[in-house]
Amino acid sequence: MDFTFTEEQQAALEAAKAVFAGVAPDGVPSPARTPGAVAEDFDRALWAKLADADLLSLLMAPEYGGSGLGPVALCLVLRESAKVLARVPLLESCAAAYAVQTYGGDELKRAVLESAARGGTVLTVAANGRTGHDGAELAVSARPDGDDWILDGLQTAVPWAYDADITVVPATAPDGRAVLALVPRGHSGLALAEQFSTSGERLGELRLDAVRVGARDVITADGAWDFLRNLLATGTCALALGLGTRVLGMTSEYTGKREQFGFPVATFQAVAMQAADRYIDLRAMEVTLWQAAWRLSSPARMGAGNGGPLPASGDVAVAKIWASDGVRRVVQTAQHLHGGFGADTDYPLHRYHAWAKHLELALGPAAAHEDALGDLLAAHSLS
């Protein structure tokens, strides 16, 4: 396998490093110190810098002001964003816009994509359903009514729901198809209730009561929701990798300076072996992430036999297995090896721990992804 990045992808990575170099994790609001939401809005100043650096338009085609790159480039930027706990809807907005570009109608593309590429329109996705366990499309019904669609249902834990201009809502049509409806914030029949993540960010419980959406704003193409769901999951794996990489780096720095019995604790065999195990976790998270992102980079590679013996969802499931368990193990080991400093709210590690728990919950348990992978293996011959 060749995971060499192209010059364009490397350029995106360098641009991301330059932007995120100005973000101090110590300045990120701490959920341990803030009752309720850590902030009323995401980091708009950082969002503007990302737009100025053309990092919000990476996935957009040139006709919409973008660079025409794919999920691999987005994951490179997401990895860097997680290292500094960047409070921006980078994954949700970019993934939603990419789904619109790939599956939406021409009129919808013209209405959304150019503004999204400039950072003027912010999108998010209601991807958790009613409980966070069942498919999100099952939590909302969509029925055609003349030239419109009527949506009813509930979606929980929608990220940036209070801040995004448009929420992409998956729903089930009467014929059983999954559709994607783009619903503006404050739309008639749409209600929000506050929820909070472990990282202290404000989420939204989205309730739809006879919400009427024009046909232009509903994507009915086959595979649109599966693609968007897989892209969101892969991007979340990239966030977990970035966070875990920074946490292991913090652990290395701390154990290299902290001394016991006159020696740095990093020289103790028990400490070194734990750190080595976490390094192996990160390498496995990395290789499975790039495989999944590569499969999503081209519709031709999405199905079985096109880039792999399984559909792309199989590669995404493997990446989620490693990311969900791996990010938890990395932060737990970091807490242990930092001793009391790991829980000190004057030290940034507790912020990373809170964010890691949010990512772990967003990815779901590894056992569930192992079951899904098993079903795919049973349905597709590997011979």
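See above for the structure.
Residues numbered from 1 in each chain as written. Predicted model: local features only at pLDDT ≥ 70, side-chain atom pairs only at ≥ 80, totals over all residues. Heavy atoms only, no water.

Undergrad: For this particular structure, what's the right way to read the overall build of the chain?
TA: The number of helices and strands found in the chain is ten helices and ten strands. In terms of overall size, the chain behaves like a compact globule, its C-alpha atoms giving a radius of gyration of 21 Å where 383 residues would be expected to give roughly 21 Å. Considered along the principal axes of its C-alpha atoms, the chain spans approximately 80 × 55 × 40 Å. The burial tally for the chain puts 52% of its 383 residues in the buried class. Long-range contacts, defined as pairs at least 24 residues apart, comprise 73% of the intrachain contacts of the chain with a sequence gap of at least 6. (Helix = DSSP H or I, 4+ residues; strand = E, 2+ residues; numbered from the N terminus. Rg over C-alpha atoms; globule rule 2.2 N^0.38 Å. Buried < 20%, exposed > 50% of the residue type's maximum accessible area, 1.4 Å probe, protein only. Contact = heavy atoms within 4.5 Å.)

Undergrad: Just checking my understanding: could you explain the pattern of salt bridges for this structure?
TA: In a structure, side chains of opposite charge can pair up when their charged atoms sit close to one another. Per the stated rule, a full pass over the model turns up 26 salt bridges. Here E137 makes a salt bridge to R229, at a shortest N to O gap of 3.5 Å. Here the residue E137 occupies a position in the loop between β1 (123-125) and β2 (140-145), and R229 occupies one in helix α6 (residues 224-257), the gap between them amounting to 92 residues. Classification of E137 by relative accessible area gives buried; the value is 14%. We note a salt bridge from R177 to D175, for which the minimum N-O separation is 2.7 Å. Relative accessible area serves as the criterion here: at 53%, D175 is assigned to the exposed category. One salt-bridge network, in which partners are shared between bridges, spans R278, D281, D325, R328, R329, K357 and E360. (Salt bridge = Lys/Arg side-chain N within 4 Å of Asp/Glu carboxyl O.)

Undergrad: What's the story with helix α10 (residues 366-379) in this structure? I'm lost.
TA: One turn of an α-helix holds 3.6 residues; hence residues three or four places apart share an orientation. Helix length check: α10, at 14 residues, gives a terminal C-alpha distance of 20 Å against a target of 20 Å (1.5 Å per residue), a fit within 8%. Of all the positions in α10, only A366, H369, L373 and L376 are classed as buried. Angularly, the buried residues of α10 cover 80° about the axis, an arc narrow enough to put them on a single face. Turned more than 90 degrees off the buried face of α10, the exposed positions are D371, D375, A378 and A379. Considering only its buried residues, α10 is in contact with α8 (312-338) and α9 (349-363). (Expected span 1.5 Å × (residues − 1). Arc of directions from axis to C-beta.)

Undergrad: How do you make sense of α6 when you look at a structure like this?
TA: Helix length check: α6 (34 residues) gives 50 Å between terminal C-alpha atoms against 50 Å at 1.5 Å per residue, within 8%. Of all the 34 residues making up α6, 25 are buried; the element is thus mostly covered by neighbouring parts of the structure.

Undergrad: What's the story with the pairing of strand β6 (residues 190-196) in this structure? I'm lost.
TA: Remember that side chains alternate between the two faces of the sheet whenever the strand is regular. Relative to strand β7 (residues 202-214), β6 is paired through seven bridges, and the arrangement is antiparallel. In the strand pairing of β7, E194 is matched with G204. Between the antiparallel neighbours β6 and β7 lie five residues, among them G200 with a positive phi of about 90°. (Pairing = 2+ DSSP bridges.)

Undergrad: Before we go on, may I ask you to explain the nonpolar core in this structure?
TA: One broad rule of soluble globular proteins: the nonpolar side chains tend to lie buried together. Counting 96 residues, the largest nonpolar core has F20, L50, L182, L228 and L243 as the members making the most contacts within it. With 17 residues, the top contributor of residues to this core is α6. If sequence neighbours within four positions are ignored, L50 has contacts with V19, F20, L55, L56 and V88. Among the nonpolar cores identified, the runner-up in size contains 20 residues, and V158, A173, L208 and V218 belong to it. (Core = buried A, V, L, I, M, F, W, Y, C linked by side-chain atoms within 4.5 Å.)

Undergrad: Is there a simple way to explain the environment of D147 in this structure?
TA: With respect to the element layout, D147 can be found in the loop between β2 and β3 (148-159). For the pair D147 and A215, spaced 68 residues apart in the sequence, the C-alpha separation amounts to 5.8 Å. Here D147 is in contact with G214 and A215, once residues within four sequence places are set aside.

Undergrad: How should I be thinking about the packing of helix α3 (residues 71-83) against α6 in this particular structure?
TA: Two quantities define a packed helix pair, namely the angle between the axes and the distance from one axis to the other. Packing of α3 against α6 leaves a shortest axis separation of 7 Å and a crossing angle of 40°. Of the possible angle classes, the one that applies to α3 and α6 is oblique. Between α3 and α6 the crossing geometry is right-handed. Here α3 contributes P71, C75, L78, R79, S81, A82 and K83 to the contact with α6, which in turn contributes L231, T234, G235, A238, L239, L241, G242, L243, T245 and R246. (Axes fitted to C-alpha atoms, helices over the stretch in contact; angles between N-to-C directions. Parallel < 35°, antiparallel > 145°, perpendicular 65-115°, else oblique. Left-handed = near helix turned anticlockwise from the far one by under 90°.)

Undergrad: So what exactly am I meant to see when it comes to the side chain of H350 here?
TA: In this fold, H350 is placed in helix α9. Those residues within four positions of H350 in sequence are excluded, and the remaining contacts are S30, A32, Q335, G342, D344 and T345.

Undergrad: I keep staring at the state of the cysteines and nothing clicks. Help me out?
TA: In protein structure, a disulfide is the covalent linkage between the sulfur atoms of two cysteines. One pass over the full model with this rule turns up zero disulfides. Not engaged in a disulfide, the cysteine C75 finds its nearest cysteine sulfur in C237; these two sulfurs lie 8.2 Å apart. Using a relative accessible area of 1% as the deciding quantity, one classes C75 as buried. C237 gets classed as buried once you look at its relative accessible area, which sits at 3%. (Disulfide = S-S within 2.5 Å.)

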